[in-house]
Amino acid sequence: MTRKFPIFDRPHRIVPALFCVAAALLLAGCAAPTKPHGASPASPATHPAAPDAATLRERHLAAADAAANQYRTCLYGHVARYVDLVPDPVRLADEAAAECAPITARFRRERQAAIMTYTSASDAAQQADAATLALQTDGLRVARARATELRALQ
């Protein structure tokens, strides 16, 4: 082995040199200044600008619309799934509303956050409550009608 690799023949000289090189690299790495994660090389001290009120409002309204669509889908899916098991359309729609209640809570939060960008917290809460009640009432009305329609088709 020492004939093919003569470097292994003199380990008492090579090993201390390798340790010195490794120590120098380690010290150089520790002494280098660190930059925060996500900082760009062109502007390390600047942060992205905070979104303005209109942008925040649009984001919250889009999230509220998505929650409203998810609520309707949840209601109608529950009605379609359990129409054979629950004979009363009103009770079926009420069960669906109870199952989908967490989605209405998310709708209310997003709606309130959107309204708070341009009015007070109490007004935003009242308007969000009214929008949530309208969503629930409309959803229940359509779910009851859909349950009655599915029952008639059977």
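Shown above is the structure to which this text applies.
Here the residue numbering is sequential within each chain, running from 1 through the sequence in written order. A pLDDT threshold of at least 70 governs which residues receive local features in this predicted model, and a stricter bar of 80 or more applies before side-chain atom pairs are shown or counted, although totals over entire chains, interfaces and linings include all residues. Calculated side-chain values reflect all of the structure's heavy atoms, with hydrogen atoms and water omitted.

**Student:** Which residues make up the environment of Ser-122, and what values do they have?
**Tutor:** A run of H or I in DSSP counts as a helix once it spans at least four residues, and a run of E counts as a strand once it spans at least two, with each numbered from the N terminus. By the element assignment, Ser-122 lies in helix H5 (residues 121–153). Three labels apply to residues, based on accessible area from a 1.4 Å probe with only protein chains included: buried if under 20% of the type maximum, exposed if over 50%, partly exposed otherwise in between. Owing to a relative accessible area of 47%, Ser-122 belongs among the partly exposed residues under this scheme.

**Student:** Which residues make up the packing of helix H2 (residues 53–82) against H5, and what values go with them?
**Tutor:** Fitted lines through C-alpha atoms give the axes, limited to the stretch in contact for helices. The angle between two N-to-C directions lies from 0 to 180 degrees. Interhelical geometry of H2 versus H5 gives an angle of 25° and a closest axis separation of 9 Å. If you check the angle between H2 and H5, you find them roughly parallel. Relative to H5, the crossing made by H2 is right-handed. Mapping the contact onto sequence places Ala-68, Tyr-71, Arg-72, Leu-75, Tyr-76, Val-79 and Ala-80 in H2 and Leu-135, Gln-136, Gly-139, Leu-140, Val-142, Ala-143, Arg-146, Ala-147 and Leu-150 in H5. Put simply, Ala, Val, Leu, Ile, Met, Phe, Trp, Tyr, Cys and Pro go in the nonpolar bin, Asp, Glu, Lys and Arg in the charged bin, and everything else, Gly too, in the polar bin. Its residues assigned to classes, the contact of H2 with H5 comprises twelve nonpolar, two polar and two charged. Geometric relationships in this document are graded by angle, where less than 35 degrees denotes roughly parallel, more than 145 denotes roughly antiparallel, 65 to 115 denotes roughly perpendicular, and other angles denote oblique. Crossings are classed by handedness, with left-handed meaning an anticlockwise turn of the near helix from the far one by less than a right angle and right-handed meaning a clockwise turn. Whether two residues touch is decided by their heavy atoms; if any such pair falls within 4.5 Å, the residues are in contact.

**Student:** Describe the environment of Thr-132, listing the residues and the values that go with them.
**Tutor:** Considering the arrangement of structural elements, one finds Thr-132 in helix H5. C-alpha separation for the pair Thr-132 and Phe-107, spaced 25 residues apart in sequence, amounts to 7.1 Å. For Thr-132, the residues in contact, after removing those within four places along its chain, are Thr-104, Phe-107 and Arg-108.

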